[in-house]
Structures are given as structure tokens and as C-alpha cells.
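A structural walkthrough
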Amino acid sequence: MPAESKALDQRVSHFRQILMWPLQLMPLPADAPIDSHSQLLEAASPDNPWYELVDEFSGDPGQFHERHYSEFVTFLPYVQRFLYGEGGGQKAIARYGESPIRIFRRQDVARVRMTFKEGDEALSFEIVHLDLYFFYDIDVVILVVEICADDLELRQVQDTLYRFGRAYPPYWDDDGSGGHCLKRCEWLAADGQLLSVSDYEKRSKYLSFVSRFRAPCISSHWEFLLRPLVLHHSDAKGLVRYRQIEYHRMPLLAYLAMDDPRTLSRGDFARLVLVTGPGKHGSLPYSDQHLEGFESRYCIDRFWHPQADDPGTRLLSCGHAFVMVGSARDDYFTGLETGLLGQFRHQFFLLALIPHFHKAALLMLSDRLVTALNRLEIGNAESVKQFKRAIREILEVFLRFSHRYWFHEISDQAQARALFSMTREHLGTENLYTELREEIQDMSQYLDSDSLRRQANTVVRLTVVTTAGLVATITTGFLGINLIDAAHDELVNRILFFALVAIPSVLLTGFAVVKSKPLSDFLEALSDERLSHRDKLAALLPVWRKKRPPDAG
């Protein structure tokens, strides 16, 4: 079949895209009226469109379907406890047996209308879900946006994947529109009412924001979705604040039910998984050298048979994106309940969510470590105390993250295990975890050694003071045995005797504190049987010598 005919036949019967946008939550103020970030969304108000999603695994058993069961058994037991808990609904404070994940959803946004740069014709997509994922004890939230549409051209799908999930423009084209972004993105209510629109073209807004706050500004339509959460570096008032933690392109999952997936070329698959945008059919987005080993690095072809009448399913992952491609004529591939479409929206979504959560949590902890170091003032005792406290808190959070959330494997199913491993490798979470663990351990070891050093110095001083105090004790004991009977003398004589003993004792104790270091060296030399009497006396000389200033000649 000629390339032109193949390009015309490349239609996507059903398309789904799931965006996942990890964001860092800023620590709550000490006097905040809430204990966790998610509590802000619990109270219903006109400014809060979010509501907590009821746990499907702890509701009516009659509503528990085979899809839920298939999703549950995909994962290993310790991952099941992380995702679903061990029974009971979720409360405001996570307790043993409950899932540490809280999900909030909004339903006021029903559709998204996208206008692309190549034409003024807009495409409308149904919004299936708008969710916020909070994680107990981790200052990270993940915005999840799922959209779908039917009967699209392949280039439209590629353009949507390329342009939709962008928080802000990296530059501006000659016509003033944001580079690599949609020309216009609109959130619509179920009745067609316009709720919010993008402002990628407002160059001055983004330039002035970066100039003022030294942080990127996000487009107005994404700010709208996240309210009542507000951007940290902004003048907006809000208790729960967030900031960007990764690249401005949001990680994504894509599902393509093609009329004939066999018409896709190697270049088409590369454009989909590497999210490079549309291009000429049959061409490669990058050079042959760059795409060498493409199939082994990005593809899972366990059930892909392009030469057969039924080509099966091809899975692709580059870490940033996961793509599932199959035939729209295959009932199992398009099955929403127990088929691959249902698995894509649930099992495969979780397989991608977990490693992206891992990376976001590690980046958040790394950022907190850097912030603690930047705030440290060596000469300020209070700053040093706050620094030690911050490092201890980071270490505690990291330990809880390691035992509660960190997984090397999450499933024994071959395809799920391969996808999770490939995604982790592309994201580099294992190296990031090792690097962060070593940094925290080094910092913790430094604090421990510093504490031991301070304790050792204190013990040395106490030992010297105690040794010197023996002299005063003997003196006062001498008075106590009544060798000098002054009990019946006049008050002036008794005060004089007391002063004659007390003043030398105080001076001796002060002298011992000031000279504790050379005195401790003398006591150590005095107890060393290997030294001669001359050497022991020589160790006493530094006690009487005056220490030279550092700049003395």
C-alpha cells in the first residue's frame, strides 16, 4: 500500500489520554487550622468544587465488580495494602490498615475544547475524570486528567499528546502564541458554559512573573483546575500552596484503538511514545543513530504480531509517556469492563502512577534538604538548632517513605512487571533514591559525630572540674572537722574563715574550667606509666603558658 494511502487510513476509532501532574506541596504554617493539606478540600464551599472519592473497595459488596477484582489481584500483597488498605474507609488521619492515599474529584468540568495552531477548527474531548491524589506524610499532590474522543486522525492524536499537557510555554512564536502549546484551551461545563481559558499568548505575564519571583508561572486554565490550592510564588491568598517539581510537560498515558494498527510505521510509534508531535508518514522524528535499539528500549511486544490478521497489542514506554496501541475490531482490546481499555484506565494507570509518585517524592525530599542547607547560618546558634531539627525531620520522612511507599517490584504478572521495570529505568528513580539516601545518611552521620564531639568536650570539662573540686572538698572538709573551732567566734571572724576557703575554691574551679583542655592533657600524661617524671612535668607547662593569637609572629 502506498505511503499516502496508509496515511489516509490512519484513523483512531477511540482515543484516551491521562495526564499526571506531580506537584510539591509547601509545608503548612505552624498556626494552620488543619493538620494535613487534604483537609482543606473536605469542607464543602462555593470556592471548593472537590469532594472525596468514596473507596470502591470498602463500599457495598454488591457494587464490587470483576474489574475491581482484576485490578486488585494484579499487584503484590504489600502494594495492595498501599493502594487499597486492609479494610474500612479512609479518615482524616491515616491509621494502620487504611490506605495512605486520598483521592478528591471534581465534576463541574465536563469537556475540554482545544484549538491547534494549524487551523482554527477546535476539537472537543470529553473529560472522564478530574482527580487530585494526596499521599499521607508526603508533601506531594498529583493532578490526574482523563480525556477521551472518537474517530480522530492520527496526526490529531499526536498533536494532542504533544501540546495538551504543558503548564506554560517555553517560548513564543512569531504570531505571539506559546511555543509547543495549544493555540487555545478551554474548560467547559456540561451546559457548554465557558469556565476557564488558557493564556499562553500573554507573554508579558510570564516574563514579569519570572522576573519577580524567580519561578515559572503556569497557565490560567491549570490554575483554575487546582483551586482552592494556589501557586506558592504568587500573590494569591491560600492556605495550601504548591509549586512545580518537575519539567513543565506533564507525564501521560495514551490509548489508541486503531482501525488498522498495522499501518503505523516505526516512525509513527516513535512519535507516539516519545511525544514529538505529528510528522510526515514513514519519517523518523530523530536520526537512525538516536533510535537505534528503539524496540528493545521502548517497546513491550509480548502480544504484538504485526504480520498477522489480528496484530494484537503493543505497549510502549519512555518513562514520561506510556502508550497502548491495538485494533478497534478486537472486542477484548476495547472492553471497558474486563478488556484492555478497562485495564488501561486502572491497572496500567496505577503502574505508571507509582513510579511517578516515587520520583516526585524523592525530588520533594531533595528540595527540602537543599532548603535546610540554604537557611543554615553557621555563626547563629538558633539557625544551627533549626537546621538540625530540619535534617532530623527529613530523615524521619525518608525512612517512612522507604518502608511505606518504596517498591522494587509491584506485580508478578510478566507484562505488568516489565512495564514497571521499564518505566523506573527511564525515570531513573533507583539512582535518585540511592543518591538521596547517601546524602541524608552523610548529613545524619555528621550531626551524630558533632553531637558526640560536644558530649566528649562536656565530659572532659566535667572531669577536670571534678578533679579540681576535690581540693575544695578537702578544704571544706578540713573546716568541718573543727580543727579550728570558730563556731563561737564573732560573725566577722566566721565570715572571714569562710571567705578564706570559698574564694580560693571558686578561683580554682574557674581556673580548671578555663584550662580544662591542657589540664586534661596533663592528667592523661600523669596516668601514663610509660612517661618519665620529666615528661609528666613537661605536660604541665602548657597550663601556665598564654596561648598566642592566630596572627602573632
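Okay, so let's go over this structure. (Residues numbered from 1 in each chain as written. Predicted model: local features only at pLDDT ≥ 70, side-chain atom pairs only at ≥ 80, totals over all residues. Heavy atoms only, no water.)

Quick notes on the pattern of salt bridges
Close approach of charged atoms allows side chains of opposite charge to pair. In this structure the tally under the stated criterion is 26 salt bridges. A salt bridge links arginine 102 to glutamate 42; the shortest N-O distance between them is 2.8 Å. You can see arginine 102 sitting in strand 3 (residues 101-105) and its partner glutamate 42 sitting in the loop between strand 1 (11-25) and strand 2 (51-52), a full 60 residues away along the chain. The exposure class of glutamate 42 is partly exposed, given its relative accessible area of 39%. One salt bridge connects aspartate 199 with lysine 205, and the closest N-O pair in it is separated by 2.5 Å. A relative accessible area of 22% means that lysine 205 is categorised as partly exposed. (Salt bridge = Lys/Arg side-chain N within 4 Å of Asp/Glu carboxyl O. Helix = DSSP H or I, 4+ residues; strand = E, 2+ residues; numbered from the N terminus. Buried < 20%, exposed > 50% of the residue type's maximum accessible area, 1.4 Å probe, protein only.)

As for the packing of helix 3 (residues 77-84) against helix 10 (residues 340-374)
In helix packing, the relevant descriptors are the interaxial angle and the interaxial distance, both defined with respect to the helix axes. Where helix 3 meets helix 10, the closest approach of the two axes is 13 Å, and the angle between their N-to-C directions is 85 degrees. In terms of axis orientation, helix 3 runs roughly perpendicular to helix 10. Residues Val79, Phe82, Leu83 and Tyr84 of helix 3 form the contact with helix 10, whose own contacting residues are Leu350, Ile354 and Phe357. Looking at the contact of helix 3 with helix 10 residue by residue, the classes come out as seven nonpolar, no polar and no charged. (Axes fitted to C-alpha atoms, helices over the stretch in contact; angles between N-to-C directions. Parallel < 35°, antiparallel > 145°, perpendicular 65-115°, else oblique. Contact = heavy atoms within 4.5 Å. Nonpolar A, V, L, I, M, F, W, Y, C, P; charged D, E, K, R; others polar.)

Regarding helix 11 (residues 381-404)
The end-to-end C-alpha distance of helix 11 is 35 Å, a good match for the 34 Å that 24 residues give at a rise of 1.5 Å each. Those residues of helix 11 not exposed but buried are Ser383, Val384, Phe387, Ile391, Ile394, Val397, Phe398, Phe401 and Ser402. Sitting at the head of helix 11, asparagine 380 places a side-chain oxygen 2.9 Å from the backbone nitrogen of glutamate 382. (Expected span 1.5 Å × (residues − 1). Polar contact = N/O pair within 3.5 Å; in protein donor to acceptor, adjacent residues only side chain to side chain.)

Examining a nonpolar patch on the surface
Taken together, the side chains of Phe64, Tyr69 and Val73 define a hydrophobic patch exposed on the protein surface, amounting to about 270 Å² of accessible area. Residue position: valine 73 is located in helix 2 (residues 66-73). A relative accessible area of 37% places valine 73 in the partly exposed class. (Patch = residues over 30% accessible without salt bridge, like charges linked within 9 Å, V, L, I, M, F, W, Y side chains within 5 Å. Areas by Shrake-Rupley, 256 points an atom, 1.4 Å probe, with all protein chains shown as cover.)

What about the pairing of strand 1?
Counting buried residues along strand 1, 13 of its 15 residues qualify, which places the element largely inside the surrounding structure. Across 13 bridges, the pairing between strand 1 and strand 6 (residues 138-153) is antiparallel. Bridging across to strand 6, arginine 11 finds its partner in glutamate 153. Two strands pair when backbone bridges link them, and strand 1 and strand 11 (residues 252-258) are joined in this way by seven bridges, in the antiparallel orientation. Residue arginine 16 lies in a different strand from strand 11, and its bridge partner there is tyrosine 255. (Pairing = 2+ DSSP bridges.)

Overview of the side chain of threonine 115
Assignment of secondary structure puts threonine 115 in strand 4 (residues 111-115). In this view, threonine 115 contacts Asp120, Ala122, Leu182, Lys183 and Arg184; residues no more than four positions away in its chain are not counted.

Considering the packing of aromatic side chains
With the rule as written, the count across this model stands at 27 aromatic pairs. Each ring, one from phenylalanine 294 and one from tyrosine 298, has its centre 5.4 Å from the other, and the planes form 45 degrees; the classification is tilted. Of the two residues, phenylalanine 294 and tyrosine 298 both sit in helix 8 (residues 294-298), four residues apart, roughly one turn of that helix. Assessed through its relative accessible area of 9%, tyrosine 298 is described here as buried. Relative to phenylalanine 344, the ring of phenylalanine 322 has its centre 6.3 Å away and its plane inclined at 20 degrees; by these criteria the two rings are stacked. (Phe/Tyr/Trp six-rings, centres within 6.5 Å; stacked < 30°, edge-to-face > 60°.)

Digging into unusual backbone geometry
Cis geometry marks the peptide bond from arginine 227 to proline 228; its omega dihedral reads 15 degrees. Its place among the elements puts proline 228 in the loop between helix 6 (220-226) and strand 9 (230-231). Of note, histidine 180 is a non-glycine position whose phi angle comes to about 65 degrees, a positive value. Note on placement: histidine 180 falls in the loop between helix 4 (154-163) and strand 7 (184-188). In this structure histidine 180 comes out as partly exposed when scored by relative accessible area, which is 26%.

Nothing here speaks to function; it is geometry throughout.
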